[in-house]
Structure formats: structure tokens, C-alpha cells
Amino acid sequence: MTIAVFKEASEGGKIQMHFEELLKNNRAVFVEELLLEHFSNLIKFVKNRASEDSSSGSKKPITVAEVEPLVKDFASRWKAAIELMHKDVITSFSNFLRGMDILRSALTQLLLYYTRLSDCIKKIVGGSALNKDLASINSIVFEIKKYSMTDFLGH
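Residues numbered from 1 in each chain as written. Predicted model: local features only at pLDDT ≥ 70, side-chain atom pairs only at ≥ 80, totals over all residues. Heavy atoms only, no water.

- As annotated in an unreviewed UniProt entry, the protein carries the name Vacuolar protein sorting-associated protein 52 and comes from Heracleum sosnowskyi.

See the structure below:
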């Protein structure tokens, strides 16, 4: 709202840029917190283990036993978690368009985390045993598009 006032007054300058930067930073924090509320184990794994360079040999290799609980947990509840995130965003933001933009950012970030997990599984010895439990990337993209379209249409 503050940014809109500055834009209307056409006198924002550095102050407007400061508030735009604050908005951008707080939005990123909100998106990350929203995801952590529902997918904390997945995010922690991706940030800590999936990004390790397997050639460095500094830590023990990632095993199927380590990722299997993550994969099964995600598969069992990702759609319901997305619905809860949607409800959180709807109730948290009075500006509908801003809220939906934030939800899309959160869902896109979730897709990135999950893609990194999937890529990590492909590199694990015996990781193909988890393929039956992996949610397909296309299914997740479909849900993201579905939320984008229904919210745009005022559903």
C-alpha cells in the first residue's frame, strides 16, 4: 500500500525503492516460511544433503533409506499441503492478486525443491526403487497451473 501511495504521488524515488526492496525481501521470507511449515524435512534435506558434491567425498553418500521417508511423505500429502498453503495465503492477504502472486511463487519454489530431490534420487545407487513413490513433476506443474487458473478466474 505504501508503494502505491508513492507511485501515485510520483515522488517515491529512493524511499519508494527502499519499500520495494523491503517488500521483495519480506515476500521471499514469507514464501520460505510457508514452505517450511508444510515441507520442512524436504527443504532441509535439499539444502543440506542434495546440494553436496558427490565427488568431494566429504560426507557419507546419500542412501535410499535416507530419502525414502521424504519421498513417501511428500507423495502422501503434497496436494493437501498445497490446499492448506492456498488457504493460508487467502486469509493472510487482503490484496487477492498479491496473495495469488505469492502463492505462485511458493508453488514454484516447491517445484524447484522437489526437482532437486528427484535429481538427487537419480544419482543414488538403487534410487530407481523409489520411482513408484515419486510424484511426477508434471502432476505438480498441473496443480500449480490449476491454482493459477482458478484463482485468476475468481474461484
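Okay, back to it.
1. Considerations on the overall build of the protein
- Per the secondary structure count, the protein includes five helices and zero strands.
- By the burial criterion, 32% of the 155 residues in the protein qualify as buried.
- Within the protein, contacts between residues at least 6 apart in sequence are counted, and of these 68% link residues at least 24 apart.
- Here the protein displays about 9,900 Å² of accessible surface, and carbon together with sulfur accounts for 58% of that area. (Helix = DSSP H or I, 4+ residues; strand = E, 2+ residues; numbered from the N terminus. Buried < 20%, exposed > 50% of the residue type's maximum accessible area, 1.4 Å probe, protein only. Contact = heavy atoms within 4.5 Å. Areas by Shrake-Rupley, 256 points an atom, 1.4 Å probe, with all protein chains shown as cover.)

2. What to know about the side chain of Arg49
- By the secondary structure assignment, Arg49 is in helix α2 (residues 13-50).
- Of note is the side chain of Arg49, whose polar atom sits 3.1 Å from the backbone oxygen of Lys60.
- Engagement of the side chain of Arg49 in a polar contact is seen with the side chain of Glu66, the distance being 2.8 Å. (Polar contact = N/O pair within 3.5 Å; in protein donor to acceptor, adjacent residues only side chain to side chain.)

3. Comments concerning the layout of surface pockets
- Estimates place the volume of the second largest pocket at around 280 Å³.
- Looking at the second largest pocket, the residues that line it are Met1, Thr2, Ile3, Ala4, Lys7, Phe19, Leu23, Ser94, Asn95 and Arg98.
- Of all the elements in the fold, those that place two or more residues in the lining of the second largest pocket are α1 (2-9) and α2.
- The greatest single-element share of the lining of the second largest pocket, amounting to four residues, is contributed by α1. (1 Å grid on protein atoms, 1.4 Å probe; cavity = no way out; pocket = protein on both sides within 12 Å on 5 of 7 lines; lining within 4 Å. Points joined across faces, edges and corners; volume = space filled by probe spheres on them.)

4. Describing the packing of α2 against helix α3 (residues 64-92)
- Interaxial distance between α2 and α3 falls to 8 Å at its minimum, and their mutual angle equals 160 degrees. As summarised for this structure, α2 and α3 are arranged roughly antiparallel, according to the angle between their axes. Judged by the twist between their axes, the crossing of α2 over α3 is left-handed. Between α2 and α3, the contacting residues are Phe30, Leu34, Leu35, Glu37, His38, Phe39, Asn41, Leu42, Phe45 and Arg49 on the first element and Glu66, Val67, Leu70, Phe74, Arg77, Trp78, Ala81, Leu84, Met85, Asp88, Val89 and Ser92 on the second.
- Class assignment of the residues belonging to the contact of α2 with α3 gives a composition of 14 nonpolar, three polar and five charged. (Axes fitted to C-alpha atoms, helices over the stretch in contact; angles between N-to-C directions. Parallel < 35°, antiparallel > 145°, perpendicular 65-115°, else oblique. Left-handed = near helix turned anticlockwise from the far one by under 90°. Nonpolar A, V, L, I, M, F, W, Y, C, P; charged D, E, K, R; others polar.)

5. Focus: α3
- Along α3, the sharpest change in direction is near 60 degrees and occurs at Arg77.
- Restricting attention to buried positions, one finds in α3 the residues Val67, Leu70, Val71, Phe74, Trp78, Ala81, Ile82, Met85, His86 and Val89. (Bend = angle between axes of the 7 residues up to and from the residue.)

6. Here we look at empty space enclosed by the protein
- Across all of its chains, the model carries two cavities of 30 Å³ or more by this definition.
- For the largest cavity, the calculated volume is near 40 Å³.
- Around the largest cavity, the lining residues are Phe39, Asn41, Leu42, Leu70, Asp73, Phe74 and Arg77.
- Residue assignment for the lining of the largest cavity shows that the elements contributing at least two residues are α2 and α3.

7. Some details on the nonpolar core
- Among the nonpolar cores identified, the biggest contains 36 residues, and Leu35, Phe39, Phe74 and Leu117 are the most heavily contacted of them.
- Counting residues per element, this core draws most heavily on helix α4 (residues 96-123), which supplies twelve residues.
- Discounting chain neighbours no more than four positions away, the residues touching Leu117 are Leu42, Phe45, Val46, Val67, Leu70 and Val71. (Core = buried A, V, L, I, M, F, W, Y, C linked by side-chain atoms within 4.5 Å.)

8. Comments concerning the confidence of the model for the protein
- Confidence along the protein averages 87 in pLDDT terms, with 88% of residues attaining 70 or more.
- Mean pLDDT across the secondary structure elements of the protein bottoms out at α1, with 72, and peaks at α3, with 95. (pLDDT = per-residue confidence, 0-100.)

9. Observations concerning the packing of α3 against α4
- Where α3 contacts α4, the two axes come as close as 10 Å, and the packing angle between them is 175 degrees. On the basis of their axis angle, the class for α3 and α4 is roughly antiparallel. Contacts between α3 and α4 pair Val67, Leu70, Val71, Phe74, Ile82, Met85, His86, Val89 and Ile90 from the former with Phe96, Gly99, Met100, Leu103, Ala106, Leu107, Leu110, Tyr114, Leu117 and Ile121 from the latter.
- Of the residues that constitute the contact of α3 with α4, the class distribution is 17 nonpolar, two polar and no charged.

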